[in-house]
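Reading the structure
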Amino acid sequence: MRREIVTLVGRPNVGKSTLFNKITKNRSSITEDTPGVTRDRLYAKAEWLGRPFLLVDTGGLDLASDDDFMPEIIEQAEVAIKSSSCVIFIVDGKSGITPTDKNILQMLRKMNANIILAVNKMDAKDSEDNFYDFYELGADKMLKISAEHGIGIGDLLDEVISYFPNDIVDTNVDGEIKVALIGKPNVGKSSLLNNILGEKRAIVTDIAGTTRDSIDTFVNLRDREFRIIDTAGLRKKGKITDLIERFSVIRTLSAIDEADVCVLLIDANEGVTEQDTKIMGYAYENNKALIIAVNKWDMIEKETDTQRRYVNKIREDLSYVQFAPIVFISAKTGQRVDVLIDTIIKVYENYNKRIPTGVLNDIISDAVLMNTTPQDKGKRLKIYYASQVQKAPPVISISVNDTNLTHFSYTRYLENNIRKAFDFEGVPLVFVYKNRGEK
C-alpha cells in the first residue's frame, strides 16, 4: 500500500521531535531543551485510522539565522515539503507568535503546501491567552495540542488524513508485476532499467547518486505487464553531501512499500555492503519477494569456483534471506538479464501461490511425525489445523493448544518442510499461531 508523506516544520524548540515521537510511538528523534538539536530529517512509519504514512521530522527553521547549518536545514525541509501530502506547521503556544513563525508560514505558502497549524504546549498556563494571537497568521486549519501529554493528537491526525486521497486506491492491476530496483548508488540500477527497456529511459552516468527520485516505468515482457520502479540509490549517511539525496531514502522506502518484488543490485567489485544489508532488511521486514542481482559480473576475473565462493559469501552476509535467488548479470552488456526477468516472473508467481488446505495439513502432520513438537514443563505443543489465509506474501495460520509453546526453531523446521514440498523460492513465509478457537 502506498504511504503518503507528512512533514513536520517549525522554528527551533517548538516541540517537533516530541510530536514526531508521539505520533510514531518511538523515541528515534532526540528531544532536549536545547534549540536546534534535530539538524537532519528523521522519518518513520506512522498510521491513523488504517491510513499509513511516512512522518518526516525536519530541523528547526529560522530563515534569518546566521547559523552555518541553517541553509542546509532549510533546503532539507523544502525537499521534504515538496513531496508531502500536507505539512504540520508547529508553533509554541507558551511563547506566542514570533516573526520567525511568520517567515516560515510565508515560505510554506510560496510552496503551495497544505498547511495544518498546530499550536503546541497548550497545557501551559499562559498558552490560552496566546492562542488567539495565532489567528493573525490566517491559517485555514488551526488546532490546540500538547505533544508532551498527547492532547489533541487525534484531532490533528484526523486533519492530516483529510489531505490523503478519499479512497484508498488499489494500484494493483491484475497480473501486473511491480518491481523495485533497490541498492546503493552507482551499482547499475538505471543501466539495468535501460537494458530491460532497450532505450535510454533513465539517465546513466558514473556519478554516484544520479537518480534522485523514483521513476515508474511500464513495460510488457514475456507477455506480462511490469511496473518497474528505479529508486534513488542509498549510501552511508556520513557520505551524503547532497541534501536532496537524503530525501531519496524516504522515496526508496515508499517504493519498497508499493512493490511486489524487490531486486537488490550488488556491485560485484564490492560485494555486500552495510547499506545493502539495511535496505534488504527493510524489504524483508515488509515481507516482499526478494531477488539478489550481482551486477558488473563481466568485470570479475573468474576462476573455477569464483561464483560458488561469491554465493557463499552473500549467503553469509545476508543470512536472513536464504530463500532469495541470486542471479549474476551485467546490466551494461545485457549478460543474463533475460534470466533475471524470468526469475522475477517465477518469484512473483511464487509470491501469489496458494497451498491447498488438505495438502498443507498433510505436510505438517508428516513433519510432526518425523520431529515431535516442542514442550515446556511437561506440556507439549499440539498442532490442530493449518491453512494459508493470505497470499502476497503467503501467510500460514496454525491452530495450536498454547501459543506460548511455539518456538522459532520449530517454525523454521515446518517452513523448511513446506518449502521442500512447494517451490517458494524468493518468497518469505509468514507464520501466525493462534490458540484453538481463537479468531
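In case you missed it, the structure is sitting above this.
Nothing here was measured: the structure is a model prediction, and the numbers come from that model.

1. Digging into the pairing of strand β1 (residues 4-9)
- Of all 6 residues that make up β1, 6 are buried, and the element is covered over most of its length.
- Here β1 shows two buried faces, one formed by Glu4, Val6 and Leu8 and the other by Ile5, Thr7 and Val9.
- Judged from the 5 bridges that link them, β1 and strand β3 (residues 51-57) form a sheet pairing that is parallel. Its bridge partner lying in β3, Thr7 is registered against Val56.
- In the sheet, β1 pairs with strand β4 (residues 86-92) via 4 bridges, with the strands oriented parallel. Counterpart to Leu8 in the pairing with β4 is Ile88.

2. Some points on the packing of helix α6 (residues 189-197) against helix α10 (residues 337-351)
- Running from amino to carboxyl end, α6 crosses α10 at an angle of 90 degrees, the nearest separation of the two axes being 11 Å. One element, α6, and the other, α10, form an angle in the roughly perpendicular class. Contact with α6, carried on its side by Leu192, Asn195 and Ile196, involves Val337, Leu340 and Ile341 of α10 and no other residues of that element.
- By residue class, the composition of the contact of α6 with α10 is 5 nonpolar, 1 polar and no charged.

3. Brief notes about the packing of aromatic side chains
- Tallied over the entire structure, the rule returns 10 aromatic pairs.
- Look at Trp297 and Tyr310: their rings are 5.3 Å apart centre to centre, the planes differ by 80 degrees, and that puts the pair in the edge-to-face class. Highlighted residues: Trp297 in the loop between β11 (289-295) and α9 (306-317) and Tyr310 in helix α9, separated in sequence by 13 residues.
- When its relative accessible area of 16% is taken as the criterion, Tyr310 is described as buried.
- Between Tyr310 and Phe328, the aromatic rings sit 6.0 Å apart at their centres with planes inclined by 80 degrees, giving edge-to-face as the arrangement. Of this pair, Tyr310 sits in helix α9 while Phe328 sits in strand β12 (residues 326-328); the two residues are 18 residues apart in sequence, bridging distant segments of the chain.
- Just above the ring of Phe131 sits the side chain of Lys144; from NZ or CZ to the centre is 4.7 Å.
- Note that Lys353 overlies the ring of Phe424, its terminal NZ or CZ placed 5.4 Å from the centroid.

What counts, and at which threshold
- Residue numbers here run from 1 along each chain, matching the order of that chain's written sequence.
- Given that the model is predicted, a residue must reach a pLDDT of at least 70 before its local features are reported, and side-chain atom pairs must reach 80 or more before they are shown or counted; all residues, however, enter totals for whole chains, interfaces and linings.
- In computing side-chain values, all of the structure's heavy atoms are included and hydrogens and water are not.
- Buried residues are those whose accessible area, probed at 1.4 Å on protein chains only, stays under 20% of the maximum for their type, while exposed residues exceed 50% and partly exposed ones sit between those limits.
- A run of H or I in DSSP counts as a helix once it spans at least four residues, and a run of E counts as a strand once it spans at least two, with each numbered from the N terminus.
- In this scheme, strands are said to pair when DSSP sees at least two bridges between them.
- Between N-to-C directions, angles cover 0 to 180 degrees, with each direction set by a line fitted to C-alpha atoms, over the stretch in contact for helices.
- Should an angle fall under 35 degrees it is called roughly parallel, over 145 degrees roughly antiparallel, and 65 to 115 degrees roughly perpendicular, with every other angle called oblique.
- Any two residues having at least one pair of non-hydrogen atoms within 4.5 Å are treated as being in contact.
- Any residue that is not Ala, Val, Leu, Ile, Met, Phe, Trp, Tyr, Cys, Pro, Asp, Glu, Lys or Arg is counted as polar, Gly included; the first ten are nonpolar and the last four charged.
- Each Phe, Tyr or Trp ring (for Trp, its six-membered ring) is paired with any other whose centre lies within 6.5 Å, and the angle between the two planes then decides the class: stacked below 30 degrees, edge-to-face above 60, tilted in between.
- Both a distance and an angle decide whether a charge sits over a ring: NZ of Lys or CZ of Arg must be within 6 Å of the ring centre and within 35 degrees of the ring normal.

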